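Residue strings, one per chain:
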Amino acid sequence: MKKMHDRQINYCFADTEVDPHDITCVHEAFKAMHPEELLDVLLENQLGWKLDPQALTGSAKRFLLAKTQAILDMIYAIDPDPDQCLDEVLIPLQSFEYSGHGMSFTRTVRSVILDVSKASSEPSERMEYALSINDMLQRMKDHPHEEGELWGCGALRRIDELIMRPWSEILGHPIWIPSSLTSYEACAELAGLFWVMAYNGFAEAIFDIRASSLPEVPSSEEAKMRIDGMYEEHRLKMFRISEMLNCNSVADAMRAARALKRIA
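Definitions and cut-offs
- Residue indices follow the written sequence of each chain, beginning from 1 at its first position.
- Local features in this predicted model are restricted to residues whose pLDDT is 70 or higher, and side-chain atom pairs enter the listing and the counts only when it is 80 or higher, whereas totals over whole chains, interfaces and linings include all residues.
- Here the side-chain values reflect all heavy atoms present in the structure, with hydrogen atoms and water set aside.
- Only runs of H or I of at least four residues qualify as helices and only runs of E of at least two qualify as strands under DSSP, and these elements are numbered from the N terminus.
- With a 1.4 Å probe rolled over the protein chains alone, any residue whose accessible area is under 20% of its type maximum counts as buried; one over 50% counts as exposed, and the rest are partly exposed.
- Contacts are assigned to residue pairs that have any heavy atoms within 4.5 Å of one another.
- Here the Shrake-Rupley method, with its probe set to 1.4 Å, supplies the accessible areas, and only the displayed protein chains count as covering residues.
- For patch detection, residues must exceed 30% relative accessible area and be free of salt bridges, and they are connected within 9 Å for like charges or within 5 Å for nonpolar side chains (Val, Leu, Ile, Met, Phe, Trp, Tyr).
- Counted as salt bridges are all cases of a side-chain nitrogen of Lys or Arg within 4 Å of a carboxyl oxygen of Asp or Glu.
- In predicted models, pLDDT denotes the confidence assigned by the predictor to each residue on a 0 to 100 scale.
- Nine residue types can take part in a nonpolar core, namely buried Ala, Val, Leu, Ile, Met, Phe, Trp, Tyr and Cys, and a core is a set of them joined through side-chain atoms within 4.5 Å.
- Expected helix span is computed as 1.5 Å times (number of residues minus one).
- To get an axis, a line is fitted to the C-alpha atoms, and for a helix only the part in contact is used. The angle between two axes follows their N-to-C directions and goes from 0 to 180 degrees.
- Roughly parallel here means an angle under 35 degrees, roughly antiparallel means over 145, roughly perpendicular means 65 to 115, and every remaining angle is called oblique.
- By convention the crossing between two helices is left-handed if the near helix lies anticlockwise of the far one by an angle smaller than a right angle, and right-handed if it lies clockwise.
- The classification used treats Ala, Val, Leu, Ile, Met, Phe, Trp, Tyr, Cys and Pro as nonpolar, Asp, Glu, Lys and Arg as charged, and all other residues, Gly among them, as polar.

A.B. asks: Explain the overall build of the protein chain here, please?
C.D. replies: Regarding its fold elements, the protein chain presents nine helices and seven strands. Here the protein chain holds 264 residues, and 42% of them are scored as buried. Across the protein chain, the fraction of contacts at a sequence separation of at least 24, relative to all contacts at a separation of at least 6, is 76%. Counting every atom, the protein chain has about 14,500 Å² of accessible surface; 56% of that belongs to carbon and sulfur.

Structural data, given as structure tokens:
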């Protein structure tokens, strides 16, 4: 008999099995994150900075990278406290926003809080997280119109509410990072959380950059290749998403054509 958590679901545009191995604590997730990749996604996604991370190089880039590394070092030095968040797990959630220009839209991946106790009748013990998450995501897939209700009842909550919590508590949260995510998407899931934790330091850093004229020095070739690779993987996935949407459009058009032919 197939176990409930063996079901495949389409999540963030990929066939995803909720694998317990993809669930870790925030502290460990940050340890696996490269600071330069994290900074690039922060620059592109947070607060509409409108900075092209691939164009920011030299002293300005090194200044922000040093800030990123310093905060990560602080995070690494803190002992996580998992006992305060037994019912909460951070999960990725994709969303779409119209850009306001023409027919373009923006797709983002961010982390949200899933309150397992309000999302499932299953026990909320640590060993049951995978089962509970799967139940929740399957419900979201089968009934997408319920997302607003889920926000309202508190099953899904925005990570902004973590701003006032101690870092040790945030770092103790379990977080689900599906292996099917691209490196960019996984980084985006953590970048929003990093921003919530380190907002004050980064706001100060970005103002310092805007107020100064730092000389530009080319980034290392190794760093450029790593960042280019991260973006290339993401571009490829987005291209495949557009292919899928186009195929769906063609299929819809063919169904309409058959109906029109019968009427004619």
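Having seen the model, we can carry on.
A.B. asks: What exactly am I supposed to notice about a nonpolar patch on the surface here?
C.D. replies: On the surface, Phe96, Phe105, Met244 and Leu245 cluster together into a nonpolar patch covering about 370 Å² of accessible area. Mapped onto the secondary structure, Leu245 falls in helix H9 (residues 221-263). A relative accessible area of 36% means that Leu245 is categorised as partly exposed.

A.B. asks: Help me understand the confidence of the model for the protein chain, please; the structure alone is not making it clear to me.
C.D. replies: The predicted coordinates ought not to be read in detail in places where the model reports low pLDDT. Chain-level statistics for the protein chain give a pLDDT mean of 76 and a share of 71% at 70 or above. Within the model, pLDDT remains below 50 along residues 1-7, and this stretch shows 13 contacts once partners closer than five positions in the same chain are excluded.

A.B. asks: Would you take a moment to explain unusual backbone geometry for this structure?
C.D. replies: Trans is the common state for peptide bonds, and a negative phi is the common state for residues other than glycine. Although it is not a glycine, Cys12 sits at a positive phi angle of roughly 55°. With respect to the secondary-structure elements, Cys12 resides in the loop between strand S1 (9-10) and strand S2 (15-16). Here the phi dihedral of Phe13 falls at roughly 60°; this positive angle occurs in a residue that is not glycine.

A.B. asks: Is there a simple way to think about helix H2 (residues 35-45) in this case?
C.D. replies: Residues that lie three or four places apart on an α-helix share one face, since the helix turns once every 3.6 residues. Here H2 lies mainly inside the structure; nine of its 11 residues are buried. Taken residue by residue, H2 has Pro35, Glu36, Glu37, Leu38, Leu39, Asp40, Val41, Leu42 and Leu43 as its buried positions.

A.B. asks: Would you mind going over the pattern of salt bridges with me for this structure?
C.D. replies: Should their charged atoms come close, side chains of opposite charge can pair. Scanning all chains against the criterion turns up 10 salt bridges. A salt bridge links Arg157 to Glu88; the nearest nitrogen and oxygen atoms lie 2.4 Å apart. On the criterion of sequence distance, the pair formed by Arg157 in strand S6 (residues 156-158) and Glu88 in strand S4 (residues 88-98) is long-range, its members being 69 residues apart. Exposure class is identical for Arg157 and Glu88. Each is buried. For the salt bridge of Glu161 with Arg165, the shortest nitrogen-to-oxygen distance reads 3.1 Å. For Glu161, a relative accessible area of 34% puts it in the partly exposed group.

A.B. asks: Would you take a moment to explain the nonpolar core for this structure?
C.D. replies: What tends to happen in soluble globular proteins is that the nonpolar side chains get buried as a cluster. Core analysis: the biggest nonpolar cluster contains 52 residues, and Phe30, Ile91 and Phe194 have the highest contact counts within it. In terms of residue count, the dominant contributor to this core is helix H8 (residues 183-211) (12 residues). Those residues in contact with Phe30, other than ones at most four positions away along the chain, are Leu72, Ile75, Tyr76, Leu171, Leu190, Leu193, Phe194 and Met197.

A.B. asks: Hey, could you run me through the side chain of Glu185 in this one?
C.D. replies: As for its position among the elements, Glu185 is in helix H8. For Glu185, a relative accessible area of 0% gives the class buried. When sequence neighbours within four positions are dropped, the list of residues in contact with Glu185 reads Arg107, Val109, Ser180, His234 and Lys237.

A.B. asks: Just to check I follow, could you spell out the environment of Val89 for this structure?
C.D. replies: Structurally, Val89 can be placed in strand S4. Distance in space between the C-alpha atoms of Val89 and Trp176 is 7.2 Å, their sequence separation being 87 residues.

A.B. asks: Mind showing me how you'd approach helix H3 (residues 58-77) here?
C.D. replies: Taking 1.5 Å of rise per residue, the 20 residues of H3 would be expected to cover 28 Å, and the 28 Å separating its terminal C-alpha atoms lies within 8% of that figure. Taken residue by residue, H3 has Gly58, Ser59, Ala60, Lys61, Leu64, Thr68, Ile71, Leu72 and Ile75 as its buried positions.

A.B. asks: I tried to follow the packing of H2 against H3 on my own but got confused; where do I start?
C.D. replies: When two helices pack together, their arrangement is captured by the angle between the axes and the distance separating the axes. Following both chains from N to C, one finds H2 and H3 inclined at 110°, their axes separated by 9 Å at the closest point. As summarised for this structure, H2 and H3 are arranged roughly perpendicular, according to the angle between their axes. For the crossing formed where H2 meets H3, the hand is right-handed. Taking contact as the criterion, the partners of Pro35, Glu36, Leu38, Leu39, Asp40 and Leu43 in H2 are, on H3, Lys61, Leu64, Leu65, Thr68, Gln69 and Leu72. Classifying every residue of the contact of H2 with H3 gives seven nonpolar, two polar and three charged.

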